[in-house]
Amino acid sequence: MRTKAKQIQDPDHPSPRAATGSGPVITRRRLLAAGTAGFAAVLLAACGEEESAPATRLPATPTASQETVRARAVAATVTEAAPHDTRGIPAPGAQRPVSVAFTAPTWSVWGFGIEPMLLSAGLAASAASERRYRYEGRTITDHFKSDYSLSAQLDSLPGGGAELVMFHAHDLPDLLAAEQLLPLDDHLQSDADFDRANYWPGTLETGFHEGVQYTLPVAVSPWTIVFNRDLAKESGIEVPERLGFDEAAFLQAGLAMQGGPSIEGREEGLGFFLDVDPRPGPGGDYASWPPAYVFMQAALGDLRGASGTFETLRSAEALEVAQFFHDMAHVYGFAPKPERSGDRVWISYYEGSIGMFGGLIEGPGYGWLRTDHSPTQVLLPFPSFGGGGNPADVWTMIGISSKTAEPKVAYDAMRALERSLRDVAFVPAVKSTPEQLRAIAPALLDEELQMLVDLMASASYVRLSRQERGVLTNAIDAGIVLEGISAQEALLDAATDLQILADR
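Keep in mind it's a predicted model, so treat the numbers as computed, not measured.

Engineer: Quick one: what's the story with the overall build of the chain, residue by residue and with numbers?
Structural biologist: A tally of regular secondary structure across the chain gives 16 helices and 12 strands. The 504 residues of the chain split such that 56% are buried. Here the chain has roughly 20600 Å² of accessible surface; of this, 53% comes from carbon and sulfur atoms.

So, in structure tokens, the structure goes:
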């Protein structure tokens, strides 16, 4: 068990360790650079540049005059597009190089990530644009560290950086604060092929800042539950109904499939896999899967609340969810023993001794879901804990670098690429039918594809920055599971640390 230091280092008077650049300035819990990785299985090849020296402070939030914000917001809501201006657009066959920076997480051995999508869609977009463009990927290695800054990595790219940027939504605040992205409103207004109604409800808004559209979402993912049908049958229960899969149904199924010392062959079995890895990452941060903030999102929706100050963390509803998270680990036994966590827990998975686990659907679907080497599994929605809706992430979005010399050309190339990405991104950010999704993820059943469509129609997007996700994970997940603190203390720690982050 870790010993929790109660003092928080003053950012203006960093500790000797922080001053050397070997760690962030918050010493009680490091702010986790928590990326979300899916469970599809390929190992990404990291071929990019190494990151530059980390910044010790978050950049200030960008500001704009009220007149500018108002004008951009009006432009963003215009529905009748002007005729498309093709002046300056490369001619067919020009093969004008377009550099695309994208992130490749070092920890994501389970997630397909952005790179394979870009390789496939780049070729298709080049052909669809009559060879006007040739897309060149530039990898940015995304390290699991508190002080990771995507904007700093963009600045360190050789050859003037990149014209387009593809990234996870949790890095958008950092890019905006560093003024790395161009507003898209003027381009969207004059784009006759752009229709906001084509996107899943609430998806485009994840690329908004102060009423201005800075990015377009590419790939989204609802949180789901992978359910072990074989273990359920062995445990004498039926697969729960998708409709009405709430906290009670989730807990009942998990307890029915829970292993233990007295169950032969399933001594280390888990009814639900609640993983808070006791091994910290390179920056001293802790990974949790699924993190507690996903459960809270399902109950409360946007955790910032109406005032944007995370006052929801002090609510009775938040305490109830945090207590449930606590009980999953310490009462119901869903957290693996420390010596069985991390990679070793997958031995139990392949043995068929894990009843459920939560995950994001990233990459080209859940092809690994049904293999000769895994138990028979079905997809269920993430359990409902209240009125927050089904939690979802935008795991890939695309924007134009503010350093591009030809914004109109960059936008035209971006839109061609975005349209091609829809054929390989799972789940596409645009509305899709089950039949359209089947073409991307043939391994999924008809009822699962329909479930995904239903979930995306009413998804509740997790709109937390990388640092905010880290604060919540370190304070709540690691605090409760690894330190054994109470749910109330964990929420208080999280609210305090978020305020410290906001004041930096």
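Engineer: Report on the pattern of salt bridges, specifying residues and quantitative values.
Structural biologist: In the structure shown here, the tally under the stated rule is 16 salt bridges. Across the salt bridge formed by Asp393 and Arg469, the nearest N and O atoms sit 2.9 Å from each other. Linking Asp393 in strand E11 (residues 390-400) with Arg469 in helix H15 (residues 466-483), this pair joins segments that are 76 residues apart in sequence. For Arg422, the salt bridge goes to Glu418, with nearest N and O atoms at 3.4 Å.

Engineer: Which residues make up the side chain of Gln180, and what values go with them?
Structural biologist: In this structure, Gln180 sits in the loop between helix H5 (172-177) and helix H6 (185-189). In contact with Gln180, not counting residues within four places along its chain, are Ser151, Leu154, Asp155, Leu175, Ile400, Ser401, Ser402 and Lys403.

Engineer: Kindly report on the packing of aromatic side chains, identifying the contributing residues and their values.
Structural biologist: One pair of aromatic rings is described through two measures. These are the centre distance and the angle between the planes. This model, assessed by the stated rule, comprises 17 aromatic pairs. Judged by centre distance (6.2 Å) and plane angle (75°), the rings of Phe272 and Phe334 are edge-to-face. Note that Phe272 is positioned in the loop between helix H8 (247-256) and strand E7 (275-276) and Phe334 in the loop between helix H10 (316-330) and helix H11 (345-350), a separation of 62 residues in sequence. The burial state of Phe272 is the same as that of Phe334; both residues are buried. In this structure an aromatic cluster arises from ring pairing among Trp223, Phe245, Phe250, Phe272, Trp289, Phe295, Phe324, Phe325, Tyr332, Phe334, Phe382 and Phe385.

Engineer: Tell me about the nonpolar core, and name the residues and values.
Structural biologist: Counting 82 residues, the largest nonpolar core has Tyr135, Leu164, Met166, Leu216, Leu417 and Phe426 as the members making the most contacts within it. At 8 residues, the largest contribution of residues to this core is made by helix H12 (residues 407-421). Discounting chain neighbours no more than four positions away, the residues touching Leu417 are Val100, Leu118, Ala121, Gly122, Ala125, Tyr135, Leu164, Met166 and Ile398. Among the nonpolar cores identified, the runner-up in size contains 58 residues, and Leu231, Ala253, Val321 and Ala475 belong to it.

Engineer: Tell me about the packing of helix H9 (residues 292-300) against H10, residues and numbers included.
Structural biologist: Running from N to C, H9 and H10 cross one another at 140°; their axes reach a closest spacing of 10 Å. Taken as axis vectors, H9 and H10 run oblique relative to one another. As H9 packs across H10, the resulting crossing turns out to be right-handed. Packed against H9, whose contacting residues are Ala292, Phe295, Met296, Ala299 and Leu300, the element H10 presents Glu317, Ala318, Val321, Ala322, Phe325 and Met328 at the interface. Counted by class, the contact of H9 with H10 contains 10 nonpolar, no polar and 1 charged residues.

Engineer: Residue-level account of the pairing of strand E6 (residues 216-228), with values.
Structural biologist: Taken across its 13 residues, E6 has 13 buried, putting it largely inside the fold. Note that E6 and E11 share 6 bridges and pair antiparallel. Directly across from Ala219, in E11, lies its bridge partner Thr396. Relative to strand E9 (residues 356-360), E6 runs antiparallel, the two sharing 5 bridges. Note on E9: the bridge partner recorded for Phe227 is Met356.

Engineer: Please set out the packing of H9 against H15 residue by residue, giving values where relevant.
Structural biologist: With their axes 9 Å apart at the nearest point, H9 and H15 run at an angle of 100° to one another. As summarised for this structure, H9 and H15 are arranged roughly perpendicular, according to the angle between their axes. Contacts between H9 and H15 involve Ala292, Tyr293 and Met296 from the former and Arg469, Leu472, Thr473, Ile476 and Asp477 from the latter. Grouping the constituent residues of the contact of H9 with H15 by class yields 5 nonpolar, 1 polar and 2 charged.

Engineer: So, the environment of Pro336: which residues are in play, and what are the values?
Structural biologist: Structurally, Pro336 can be placed in the loop between H10 and H11. A relative accessible area of 15% means that Pro336 is categorised as buried. Sequence spacing of Pro336 and Leu270 is 66 residues, and the spatial spacing of their C-alpha atoms is 7.3 Å. Setting aside its immediate chain neighbours within four residues, Pro336 contacts Leu270, Phe273, Leu274, Ser341 and Val345.

What counts and what doesn't
Every chain is numbered independently, its residues counted from 1 as its sequence is written. In keeping with the model being predicted, local features are shown solely for residues with a pLDDT of at least 70 and side-chain atom pairs are shown and tallied solely at 80 or more, while totals for entire chains, interfaces and linings include all residues. The side-chain values count all of the structure's non-hydrogen atoms but skip hydrogen atoms and water molecules. Comment: elements are numbered from the N terminus, with helices defined as DSSP H or I runs of at least four residues and strands as E runs of at least two. Only protein chains enter the calculation, and the probe is 1.4 Å; a residue is then buried if its accessible area is under 20% of its type maximum, exposed if over 50%, and partly exposed in between. Note on areas: Shrake-Rupley, 1.4 Å probe, and residue coverage restricted to the protein chains presented here. For salt bridges, the criterion is a side-chain nitrogen of Lys or Arg within 4 Å of an Asp or Glu carboxyl oxygen. Two residues qualify as a contact provided that any one of their heavy atoms is within 4.5 Å of a heavy atom in the partner residue. When two rings of Phe, Tyr or Trp (its six-membered ring) have centres within 6.5 Å they constitute a pair, described as stacked for plane angles under 30 degrees, edge-to-face for angles over 60, and tilted for the intermediate range. As used here, the term nonpolar core means buried Ala, Val, Leu, Ile, Met, Phe, Trp, Tyr and Cys residues forming a set that is joined through side-chain atoms within 4.5 Å. Axis lines are fitted to C-alpha atoms, over the contacting stretch for helices. Their N-to-C directions set the angle, which ranges from 0 to 180 degrees. Roughly parallel means an angle under 35 degrees; roughly antiparallel, over 145; roughly perpendicular, 65 to 115; everything else is oblique. It is the rotation of the near helix from the far one that decides the hand of a crossing: anticlockwise by less than a right angle makes it left-handed, clockwise makes it right-handed. Note on residue classes: Ala, Val, Leu, Ile, Met, Phe, Trp, Tyr, Cys and Pro are nonpolar, Asp, Glu, Lys and Arg are charged, and everything else, Gly too, is polar. Only when DSSP finds a minimum of two bridges between them are two strands counted as paired.

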